[in-house]
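Chain and residue survey
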Amino acid sequence: MGVDKNSSTDRIGVSTLELFFNKLGWLFREQVIHDHGIDAHVEVVIDGEATGRLIAIQIKTGKSYFSEKSCGNYIFRTDQRHAEYWAEHCLPVILVMINPEEEELVWQALNDSTIVRTGKGYKVSVPASKKLDANALTEIAGLSNYPDYIQKMNKLRLDHEWMELIHDGWEVYIEFNDWVNKSLARFEIKIGSDHKDFGEKKWPMIYGAGMSIEDALSYVIPWASFAVDEDLHREEAEGVWCAECYGGYDKEDDIVYYTMGFDEWYTPPEGLVPCSEDGETAHYRLILSLNDIGSSFLELDEFLRSEEMLISEAR
């Protein structure tokens, strides 16, 4: 079986960057929804507290990206579509170039000041001295120093596709485990859909002393309401029912007897309850619906994207 070398190299870059940010405590997540020009997002964490301030990242991996150099700068070349996309993005965007052979990581902000038109295309000068290391985090964090209002709006814009899926009638779900015996609450939430063109997306692990499931969900997905996946809950409950209500097996008639019928034994879920538990973890699968924030955002977004303007003339 052949191996796509470009895909393999790309994976090295994403994994390298994920490890780098995780070691320093920032919340990294790969962008799995198709988004030309953005490969990942990272959330700024200060003194152990997630800030909600997000940075979009374009990752370029391979020795070839370091082949053109001028006046101490690596030259990264791109086209008009990408240049405009980065400059107009709702989040601050950085380019990270990775040379796996030399273990070299350099970075540069992508904006109107750093993206230069050359006539045939566009270029970005990335100083060879601009290393991506712990000392760079303060400067990177400063790129996202927007007012809270803008930060919250940007987070909603990033999840726009998931809201549209729900609005269009597709099922969108989240899954996560609750480590019930841990004193420090932790949740790693994964979101997905039954739409074939959308892969699953995973948020970084969220920690918080005394943090409830509701607290974690309202922070990560403030635009949705949640309900237990009743089909999965019922399916998982059947295994528990079989173990608890097993009454015996008649070999002659090949019939299993139970002390109570499933429908009599089963209690439908109320509130946010796990679909299954094993003593260590409780597994949740929740179906999302738009709450007032989500519905209002979609209405506002449609208005802001519309090119039509209604003007009423006072008489």
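Residues numbered from 1 in each chain as written. Predicted model: local features only at pLDDT ≥ 70, side-chain atom pairs only at ≥ 80, totals over all residues. Heavy atoms only, no water.

1. Quick word on the sheet that holds strand E8 (residues 115-117)
Adjacent strands of a sheet pair through backbone hydrogen bonds, lying either parallel or antiparallel. Our working definition: Any two strands with at least two DSSP bridges between them are considered paired. Working definition: helices are DSSP H or I runs of at least four residues, strands are E runs of at least two. Numbering for both runs from the N terminus. Here, two residues are considered to be in contact whenever any of their heavy atoms come within 4.5 Å of each other. Interaxial angle, 0 to 180 degrees, is taken between N-to-C directions of lines fitted to C-alpha atoms, where a helix line uses only the stretch in contact.
On the basis of which strands lie adjacent, the open sheet formed by four strands has the order E4-E5-E9-E8 and antiparallel pairing. The open sheet has two edge strands with one neighbour each: strand E4 (69-70) and E8. Here E8 pairs with strand E9 (residues 122-127) via three bridges, running antiparallel. Bridging across to E9, Arg 117 finds its partner in Tyr 122. In the packing of helix H2 (residues 80-87) onto the sheet, the strands contacted are strand E5 (73-78), E8 and E9, and the crossing angle to E5 comes to about 105°.

2. Points about the sheet that holds strand E3 (residues 49-61)
On the basis of which strands lie adjacent, the open sheet formed by five strands has the order E1-E2-E3-E6-E7 and mixed pairing. Because the sheet does not close on itself, it has two edges, and the strands there are strand E1 (27-30) and strand E7 (104-110). The sheet shows a mean angle of 30° between the axes of neighbouring strands, taken without regard to direction.

3. Concerning the nonpolar core
Under the convention used in this document: Grouping buried Ala, Val, Leu, Ile, Met, Phe, Trp, Tyr and Cys residues that are joined through side-chain atoms within 4.5 Å yields what is termed a nonpolar core. Classification of residues uses two cut-offs on accessible area relative to the type maximum, computed with a 1.4 Å probe and protein chains only: under 20% is buried, over 50% is exposed, and between them is partly exposed.
In terms of nonpolar packing, the biggest core is built from 33 residues, with Ile 174, Phe 176, Trp 223 and Leu 288 touching the most fellow members. Those elements that provide at least two residues to this core are helix H5 (160-167), strand E10 (172-179), strand E11 (185-187), helix H6 (213-220), strand E15 (224-228), strand E19 (281-290) and helix H9 (292-305). In terms of residue count, E19 provides more of this core than any other element does, five residues in total. Non-local contacts of Ile 174, meaning those with residues more than four positions away in its chain, are made with Ile 189, Lys 190, Ile 191, Leu 217, Ile 221, Phe 226, Tyr 284, Arg 285, Leu 286 and Leu 288. Ala 40, Leu 105, Trp 107 and Leu 132 belong to the second largest nonpolar core, which has 24 residues in total.

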